[in-house]
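One letter stands for each residue in the lines below.
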Amino acid sequence: MKHTVVVGYDQSPSGERALGQAGREAAWRNGSVTVVNAFQAVLTSPIGYFPTDVETSLKEAADEIAAAGVAGVRQRYPGMTVDSAVVAGPAADALAEASRDADLLVLGNRGRGGFAGLLLGSVSMRTLTLASCPTMIVRGAQRDPVHTVLLAVDVADPAEESMDFAFADASMRRAQLKAVTVWDLDWIGADDPDTADSLVKAERNARADIRSTLERQLRPWHAEHPEVHVVAEVLGGTPSAALTDLTGSTDLIVAGAHRRGDDHLGMRPGPTAHTLLHHADCPVVVVPRA
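Residues numbered from 1 in each chain as written. Predicted model: local features only at pLDDT ≥ 70, side-chain atom pairs only at ≥ 80, totals over all residues. Heavy atoms only, no water.

## Notes on the overall build of the protein
Link 1 in the chain: Helix and strand counts for the protein come out as eight helices and 11 strands.
Link 2 in the chain: Residues counted as buried form 44% of the 290 residues belonging to the protein.
Link 3 in the chain: Of the accessible surface of the protein, which amounts to about 14600 Å², a share of 52% is contributed by carbon and sulfur atoms. (Helix = DSSP H or I, 4+ residues; strand = E, 2+ residues; numbered from the N terminus. Buried < 20%, exposed > 50% of the residue type's maximum accessible area, 1.4 Å probe, protein only. Areas by Shrake-Rupley, 256 points an atom, 1.4 Å probe, with all protein chains shown as cover.)

## A closer look at the packing of helix α3 (residues 91-98) against helix α4 (residues 122-130)
Link 1 in the chain: Running from N to C, α3 and α4 point in directions that differ by 40°, and their axes come no closer than 8 Å. It follows from the interaxial angle that α3 and α4 lie oblique. For the element pair α3 and α4, the recorded crossing hand is right-handed. Packed against α3, whose contacting residues are A91, A92, D93, L95 and A96, the element α4 presents V123, R126, T127 and L130 at the interface.
Link 2 in the chain: In the contact of α3 with α4, the residues fall into six nonpolar, one polar and two charged. (Axes fitted to C-alpha atoms, helices over the stretch in contact; angles between N-to-C directions. Parallel < 35°, antiparallel > 145°, perpendicular 65-115°, else oblique. Left-handed = near helix turned anticlockwise from the far one by under 90°. Contact = heavy atoms within 4.5 Å. Nonpolar A, V, L, I, M, F, W, Y, C, P; charged D, E, K, R; others polar.)

## Describing the nonpolar core
Link 1 in the chain: Membership of the largest hydrophobic core comes to 41 residues, with the highest contact counts inside it found for V106, L151 and V254.
Link 2 in the chain: Element by element, the count of residues in this core is highest for helix α5 (residues 160-173), at five residues.
Link 3 in the chain: Not counting residues up to four positions away in its chain, the partners in contact with L151 are S162, M163, A166, L177, K178, A179, V180, L218 and V254.
Link 4 in the chain: Counting residues in hydrophobic clusters, the runner-up holds 28 residues, among them V6, C133, I137 and V286. (Core = buried A, V, L, I, M, F, W, Y, C linked by side-chain atoms within 4.5 Å.)

## Description of unusual backbone geometry
Link 1 in the chain: Even without glycine at this site, H147 takes up a positive phi of about 60°.
Link 2 in the chain: Locating H147 in the fold gives a position in the loop between β5 (135-138) and β6 (148-152).

## Some remarks on the side chain of S14
Link 1 in the chain: Topologically, S14 is positioned in helix α1 (residues 13-29).
Link 2 in the chain: Reaching out from S14, the side chain makes a polar contact with the backbone nitrogen of N109 at a distance of 2.7 Å. (Polar contact = N/O pair within 3.5 Å; in protein donor to acceptor, adjacent residues only side chain to side chain.)

## Some points on α1
Link 1 in the chain: Over its 17 residues, α1 runs 25 Å from end to end, which matches the ideal 24 Å to within 8%, given 1.5 Å per residue.
Link 2 in the chain: Along α1, the residues classified as buried are S14, G15, A18, L19, G20, Q21, A22, G23, E25, A26 and R29.
Link 3 in the chain: Once α1 ends, the next one or two residues include N30, with phi positive near 55°. (Expected span 1.5 Å × (residues − 1).)

## What to know about a negative patch on the surface
Link 1 in the chain: Judged by side-chain charge, E160, E161, D164 and E224 come together as a negatively charged surface patch.
Link 2 in the chain: The element contributing the most residues to the negative patch is α5, with three residues.
Link 3 in the chain: In this fold, E160 is placed in helix α5. (Patch = residues over 30% accessible without salt bridge, like charges linked within 9 Å, V, L, I, M, F, W, Y side chains within 5 Å. Salt bridge = Lys/Arg side-chain N within 4 Å of Asp/Glu carboxyl O. Lys, Arg positive; Asp, Glu negative; His and termini not counted. Charge placed at Lys NZ, Arg CZ, Asp CG, Glu CD.)

## Description of the pairing of strand β4 (residues 104-108)
It is a general feature of regular strands that their side chains alternate between the two faces of the sheet.
Link 1 in the chain: Here β4 lies mainly inside the structure; five of its five residues are buried.
Link 2 in the chain: Of the two faces of β4, the one lined by L104, V106 and G108 and the one lined by L105 and L107 are each fully buried.
Link 3 in the chain: Pairing geometry for strand β1 (residues 4-8) and β4, over three bridges, is parallel. Residue pairing across strands places V6 opposite L105, the latter belonging to β4. (Pairing = 2+ DSSP bridges.)

Structure, rendered in structure tokens:
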């Protein structure tokens, strides 16, 4: 099976990180990389047309940027199949279309026009809402790998697609998989001395029941990837905060997002995925689910 990784590249610092990550992801998959750059001729002329020489210059600049990205990947991974695609039009639409049949789309956190900081750039977010394949946003501090893939699981509504991706990715990385589900276990009345013991016992039993459910949901994928060491954890609090706190000590986090379901391709990231995309301290992979 041919595995394809598509990466959006614009020579920005964020784009360089995405390019490097795309090469690593393709190497793990024994696959290929397609480097995509988009250019857009914005009509500002009152006479109603855009000079063809300007559009030609934009196209040539985009070709040069894409070619530089191809050369960069080939230099790091000799023998890897690396192609380029230069598309006229909005960047988000171009990236979503180019990655329609890809195994993974890799994007930087910020493009050339973005401001430095934590929040996700508008092009990356727009692309995510149009993409039909698993999409990685490369963000967070650069650090040595810790050989851990973090999987966010809602045991009340588990996403099989996310589990499938996370187990396969952990296997390729030879990393452990930490599957985490988060529940609000701070029940009212815990400070009441008359009920404290009962509530502590009830919380302990609840954690055990939730962990048992989580382990049962993971079992089919663990059977397919017995080489992956799996750790199942149940945390208290809010999912967004608890999962974000964990991203400083993992190589990436995998979360699911429902497809748009309005006869359009793309995803609708929920509150937890949305928070991770803006604040995680590691790459975030959003996997489309039914």
